[in-house]
Each structure stands twice: as C-alpha cells, then as structure tokens.
Amino acid sequence: MKLTTAPEPDGRIGAMLSVEGLTVTFPALGSRVIDDINFTIEKGKTIGLVGESGSGKSMTSLAIMGLLPEGAAVEGSVSYWGEQLLGNPDSAMRRLRGDRIAMIFQDPLSSLNPYFTVGFQIAEAYRTHRGGSRRQARGVAVEAMRQVRIPDAERRVDHYPHQFSGGMRQRVMIAMALVCQPDLIIADEPTTALDVTVQAQILTLMSDLQDSTGAGMLFITHDLAVVSDVADSIVVMQRGKTVEQGTAEAIFSWPESDYTRALLAATPRLDDIVDLPEPLRGTR
Ligand SMILES: Nc1ncnc2c1ncn2[C@@H]1O[C@H](COP(=O)(O)OP(=O)(O)O)[C@@H](O)[C@H]1O
Ligand SMILES: [Mg+2]
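Residues numbered from 1 in each chain as written. Chains lettered and ligands numbered in written order. Predicted model: local features only at pLDDT ≥ 70, side-chain atom pairs only at ≥ 80, totals over all residues. Heavy atoms only, no water.

1. Examining the site of ligand 1
Worth spelling out the cut-off: Nearness is defined per residue: one heavy atom within 4 Å of the molecule or strand is enough. Polar contact is defined as a pair of N or O atoms within 3.5 Å, subject to the rule that within protein one atom must be able to donate a hydrogen and the other to accept it, and that residues adjacent in sequence are counted only when both atoms are side-chain atoms. Residue burial considers only the protein chains on display, and all accessible areas are found by Shrake-Rupley using a 1.4 Å probe. Think of it this way: any DSSP run of H or I at least four residues long counts as a helix, any run of E at least two long counts as a strand, and we number them from the N terminus. Each residue receives one of three labels: charged for Asp, Glu, Lys and Arg, nonpolar for Ala, Val, Leu, Ile, Met, Phe, Trp, Tyr, Cys and Pro, and polar for the others, Gly being one of them.
All residues adjacent to ligand 1 are F26, L29, V33, E52, S53, G54, S55, G56, K57, S58, M59 and P69. At a separation of 2.8 Å, an oxygen atom of ligand 1 approaches a polar side-chain atom of K57. The backbone of M59 places a nitrogen or oxygen atom 2.9 Å from an oxygen atom of ligand 1. Protein chains shield 60% of the accessible area of ligand 1, which is 570 Å² for the free molecule. In terms of residue count, the dominant contributor to the shell around ligand 1 is helix α1 (residues 57-65) (three residues). Residue classes in the shell around ligand 1 are distributed as five nonpolar, five polar and two charged.

What follows is the structure in structure tokens.
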C-alpha cells in the first residue's frame, strides 16, 4: 500500500518543522559548533533538546530562527511547513519570528525592557505583527496575561518588570511569546533561572497552553529530568553532535550511551522533589 500524508486543513503537508543535517561552523575560528543535527517537530508535539552546557543547544535554536552570530556559516536544511528557512532573507525571518514562531529565553529580566510596563511590551509584540490601536492591543495584553494565569491582570498590565517575581516575569515572557498564537515555540532553558517549585508551575503552564493551542515545541534544557516531563521525543547532544535520540520513553528506559546515563544520574526528577500535578508526573 502506498503511504500518503494527509494534507493539513489549510493545504499544508508534512511536518511543521523538519531539521536535516543542520551544521554550524565558524570558518575563521576553524570550529564546528553543531554537526549534522536531525529532527522533526509535528503539530502539538514537543522535542526535548538536551545536553551539557556548550553542547550546541542554543546554536541549534539560533540557526533555526536565523539568528546566528556574525561569522557563523550554516549548512543543511530547516523547513517549516515545507518552506526552506536557511538562507531566507532577514525580512522574511523577522515576519515569522514572534508571529508564527515564538521564542522563550532563560532570563526574562534581560529580555524585558525595564522602562516600559509589561502590558506595553506584550501589546507591542502583538502590534508589530498584527497592527491595530494601542488601546486594542492593551486589551489583548490583559487577555494574554490572564491566559498565563497572572493574577489581577487588569491591574498588573500597567506594572513594570521589576515589580514582578522571577516566576511571574517568566509568565510575562510566555504571554509575549504566545500573543500572536504561534504554531511553533522555541524555548531555550525557559525554567533554568527559577527555583524548583516555580519551575514546576511554569512547566505545568506551558504544557497546558500547548494542549489548548496545539503548538509544536522545541524545548531546550541541560536538565534531562525537566524534559522527561514535557517531551515526546528527545535529542541528546554532546559537543555539537547527536549522541542519541528517540522517544522520551525509550531514552529514559533504555539509554544507550554512557553520556545519557550520566545526565540521567546527575538530575533528580522534578517529581522526586515536589508534588507535581498529574499531567506532569513521569512514568519511570
Ligand atoms: N559567537 C560565537 N562564536 C564562536 N563560537 C561560539 C559563539 N557562541 C558560542 N560558541 C560556541 O558554540 C558552542 C555551542 O554553544 P551553545 O550552543 O551556546 O551551547 P549550549 O546552548 O548547549 O550551552 C560552544 O562551544 C561555544 O563556545
Ligand atoms: Mg544555551
């Protein structure tokens, strides 16, 4: 029997994001920071990208987003609903970023502008892509803050970043990332700066939001325990290369490499530490 892929309702075919042979070098330095990375992200699914610090996780996400630093050369293929992103002009990438593809980074304090209210910043993230009046966008910002469960959003929308706790600031960043309803979310160490209880709350939130929006997610962390609770499949990286990859279940139950086993041994699972809500409890 011939296998065919059912087209998406709006005519899209195949995987949301398909990364093939992705390689990043710095020719002037003679360094190869990622080497032949391959994975796909389907709608509603999460890929966990795991590895120790310096293994090339952030370079992978920057290459996908077209945000590599000066001097980097990229090879391979990154296709988003069949459209090749590598070599796309900057203007096209700017239109995608923050709209169809959203990013969440580790450190919300350095990503938020201290001189503007959080509501203004969420509203501008919306207006950049969708236009409309400031007043309309303020309403969208309040709604986005409610969605990420920031209490008293109608009042908090006019507060400045320093008036929020670390966990609440990360919720603001998530609200900003989700305000245009992206279908792909790239989260680079989104919970690393948070203490373990807040980390669990943010993971629950992200997992709930993903369930309700059906977005695909690339979830990057150095912490294999974190990814065990959110990822459908996992790519383990070391020094720019894939050490192993597979379903989360396979990686946790039958880790093949010593490196993965060492990562597993190094990190206690979140639910060994705090009482996680049901959807995040692991099966190991
Ligand atoms: N601007 C740069 N120029 C050259 N090499 C870099 C640059 N930024 C990072 N690197 C190197 O790329 C490798 C991967 O880094 P990175 O992707 O940030 O790792 P991770 O996110 O897994 O901690 C590291 O060896 C790092 O030293
Ligand atoms: Mg990184």
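2. Some words on empty space enclosed by the protein
Keep this limit in mind: Note on definitions: the grid is 1 Å and covers protein atoms alone; a cavity is a set of points where a 1.4 Å probe fits but cannot get out; a pocket is an open set with protein on both sides within 12 Å along at least five of seven lines; lining residues have an atom within 4 Å of a point. Grid points are joined across faces, edges and corners, and a volume is the space filled by probe spheres set on the points.
Evaluation of the coordinates by the stated rule reveals one cavity of 30 Å³ or more. Size it by volume and the largest cavity reaches roughly 50 Å³. The wall of the largest cavity is formed by I104, I174, L178, I185, M206, L209, Q210 and M217. Elements with a contribution of two residues or more to the lining of the largest cavity: α7 (166-178) and α8 (196-213). For the lining of the largest cavity, the residue count by class is seven nonpolar, one polar and no charged.

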